[in-house]
Amino acid sequence: MRVGLIGLGVMGWRIAANLASDGLLAAVYNRSRHKAEEFSRKYSVLAADTPQDLAERTDVIITMLSDDEAVLSIVGALREKMKGKVLIDMSTISPTTSVGLAQQIMAAGGLMYDAPVIGTSIAVERRQIVILVGGPQERLDLVKEVLSHTSNSVIYVGPNGYGLYAKLVNNLLLGAYVAAMAEAFNFGLKAGLDPRFLVDLLTKYSSARSPTAELKAPKMAQGDYSVQFAMKHMRKDLEIVQQEARRIRAPLPLSALALQLYRFAEGMGLSERDFSAILELFKRSA
Ligand SMILES: NC(=O)c1ccc[n+]([C@@H]2O[C@H](COP(=O)([O-])OP(=O)(O)OC[C@H]3O[C@@H](n4cnc5c(N)ncnc54)[C@H](OP(=O)(O)O)[C@@H]3O)[C@@H](O)[C@H]2O)c1
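All values reported here derive from a predicted model rather than from experimental measurement.

Here we come to the overall build of the chain. A tally of helices and strands in the chain yields 13 helices and nine strands. On C-alpha atoms alone, the chain measures out to a radius of gyration of 20 Å, which is about the 19 Å that the 2.2 N^0.38 rule sets for 286 residues. Considered along the principal axes of its C-alpha atoms, the chain spans approximately 60 × 45 × 30 Å. Each of the 286 residues in the chain was classed as buried or not, and the buried ones make up 47%. The contacts in the chain between residues at least 6 apart in sequence include a share of 63% that link residues at least 24 apart.

Following this line, the structure appears as structure tokens:
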């Protein structure tokens, strides 16, 4: 089996590194070529010239891209090369877009799976990220085998689009939760509580403590917004939730408000920072 990966960003680079270390990766492609060349030098894996070139050299293609626009453009370029091949899209995009692309890939003689992830780059490095798979049963064993090199928790959710719906359930909650956490953190700071105590409160003593609080509370205390999950990606995910909710008629008051807050924070120049930087919106608003 020859695997190719397109999209060497924060997540894609690490997924590709796992596959390369296990000897499965035949080629990589990245829009900004310098990243593909750097990866090629480090892991001795071919840097393909184009997505089509990568498709010709591989049987299973993984995409890990930013958003709908990126996936539409790359999968559009791959479509005609997909006969007999499997595409695993790990990006978080709109389920409606993904289902449309899966139909096009099927018409071209291939199969597509949505396989978005829960967890950060650290979980990818530890091969412990959660992967939620949507797609046909047909090549599921192959998909699980490829993904097992990056995750000990590959969960089949249902037909095309279902992996993405499951991912959006998570990020709806995550987006609203971290915005609420920032509000609470700022309230504590303004009341004069020590930031180090606030970390202990949110991670050890609070009845609302969570793995997310363990990850984000220390970042908030230190003002360390180095990116684990970018603000722009959280805003994008909440926008997808809004679009899908209109279609399925689900009310979304809390995540709609959280989306507005992330947009304000992006307006303050925090788009490329970790989404925990939402705290700055509260700190600077008093
Ligand atoms: N980071 C996380 O913790 C995390 C966790 C869960 C899910 N996710 C999701 O995983 C996906 C990737 O996240 P990431 O953090 O790895 O993103 P990232 O670091 O921003 O990387 C994005 C990748 O997409 C490529 N790209 C963007 N626009 C493109 C276009 N129009 N055409 C072709 N390629 C394009 C970029 O290429 P260039 O190098 O040329 O810019 C880069 O390779 C996103 O959907 C995100 O929501 C991320």
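Once that is clear, we can look at the UniProt feature "domain: 6-phosphogluconate dehydrogenase NADP-binding" (unreviewed entry) in the chain. In the numbering used here, UniProt assigns the "domain: 6-phosphogluconate dehydrogenase NADP-binding" (unreviewed entry) feature to residues 2-158. As a span, residues 2-158 carries 42% helix and 23% strand, and end to end its C-alpha atoms are 26 Å apart.

Not every one of the 25 residues close to the ligand is listed here, only the nearest: G9, M11, R31, S32 and A70. Counting residues per element, the ones that place at least two in the shell around the ligand are α1 (10-21) and α4 (68-78). Of the residues assigned to the shell around the ligand, the class counts are nine nonpolar, 13 polar and three charged.

As a further point, take the domain arrangement of the chain. The domain architecture assigned to the chain consists of domain 1 (3-159) and domain 2 (165-283). In this structure, domain 1 and domain 2 have C-alpha centres spaced 28 Å apart. If you look at the interface, domain 1 gives 12 residues, while domain 2 gives 12 residues. The class makeup of the residues in the side of domain 1 that touches domain 2 is six nonpolar, five polar and one charged.

Our next topic: helix α10 (residues 211-222). Turning to α10, its buried residues number three or more, namely A213, K216, A217 and M220. For α10, the angular spread of buried residues about the axis comes to 110°, placing them on one side. Counted as exposed and oriented over 90 degrees from the buried face of α10: P211 and Q222. Where the residues of α10 are buried, they touch α8 (162-190), α9 (195-205) and α13 (278-283). Positioned one or two residues after α10, G223 has a phi angle of 60°, which is positive.

Tracing the chain through its elements places Q222 in helix α10. Overall, the presence of 12 C-beta atoms within 10 Å leaves Q222 in the exposed class. Distance in space between the C-alpha atoms of Q222 and M11 is 24 Å, their sequence separation being 211 residues.

Mapped onto this structure's residue numbering, the UniProt feature "domain: 3-hydroxyisobutyrate dehydrogenase-like NAD-binding" (unreviewed entry) falls at residues 161-281. Between the C-alpha atoms that bound residues 161-281 there is a distance of 34 Å. The span itself is 76% helix and 0% strand.

Judged by nonpolar contacts, the single largest core of 91 residues is most densely connected at L5, A16, V28, I88, Y262 and I278. When residues of this core are assigned to their parent elements, the largest contribution, 11 residues, is made by α8. Built from parts of two domains, this core gets at least three residues from each of domain 1 (3-159) and domain 2 (165-283). Excluding residues that lie within four positions of it along the chain, L5 makes contacts with G12, I15, A16, L19, L25, V28, I62 and M64.

Most of strand β2 (residues 25-29) is tucked away: five of the five residues are buried. In the sheet, strand β1 (residues 3-6) pairs with β2 via four bridges, with the strands oriented parallel. Residue pairing across strands places I6 opposite Y29, the latter belonging to β2. With respect to chirality, the unit in which β1 leads through α1 into the neighbouring parallel β2 is right-handed. As defined by bridge partners, β2 adjoins strand β3 (residues 46-47) across two bridges and the pair is classed as parallel. Within β3, the residue paired with V28 across the bridge is A47. The β-α-β motif built from β2, the intervening helix α2 (residues 33-43) and the parallel element β3 has right-handed crossover chirality.

Parameters at a glance
- Residues numbered from 1 in each chain as written.
- Predicted model: local features only at pLDDT ≥ 70, side-chain atom pairs only at ≥ 80, totals over all residues.
- Helix = DSSP H or I, 4+ residues; strand = E, 2+ residues; numbered from the N terminus.
- Rg over C-alpha atoms; globule rule 2.2 N^0.38 Å.
- Buried ≥ 20, exposed ≤ 12 C-beta atoms within 10 Å, placed from the backbone.
- Contact = placed C-beta atoms within 7 Å.
- UniProt positions renumbered as here; feature names shortened; annotations may be inferred.
- Near = placed C-beta within 6 Å.
- Nonpolar A, V, L, I, M, F, W, Y, C, P; charged D, E, K, R; others polar.
- Domains from an automatic or database assignment.
- Arc of directions from axis to C-beta.
- Core = buried A, V, L, I, M, F, W, Y, C linked by C-beta atoms within 7 Å.
- Pairing = 2+ DSSP bridges.
- Right-handed = clockwise from strand over helix to strand, strands pointing away.

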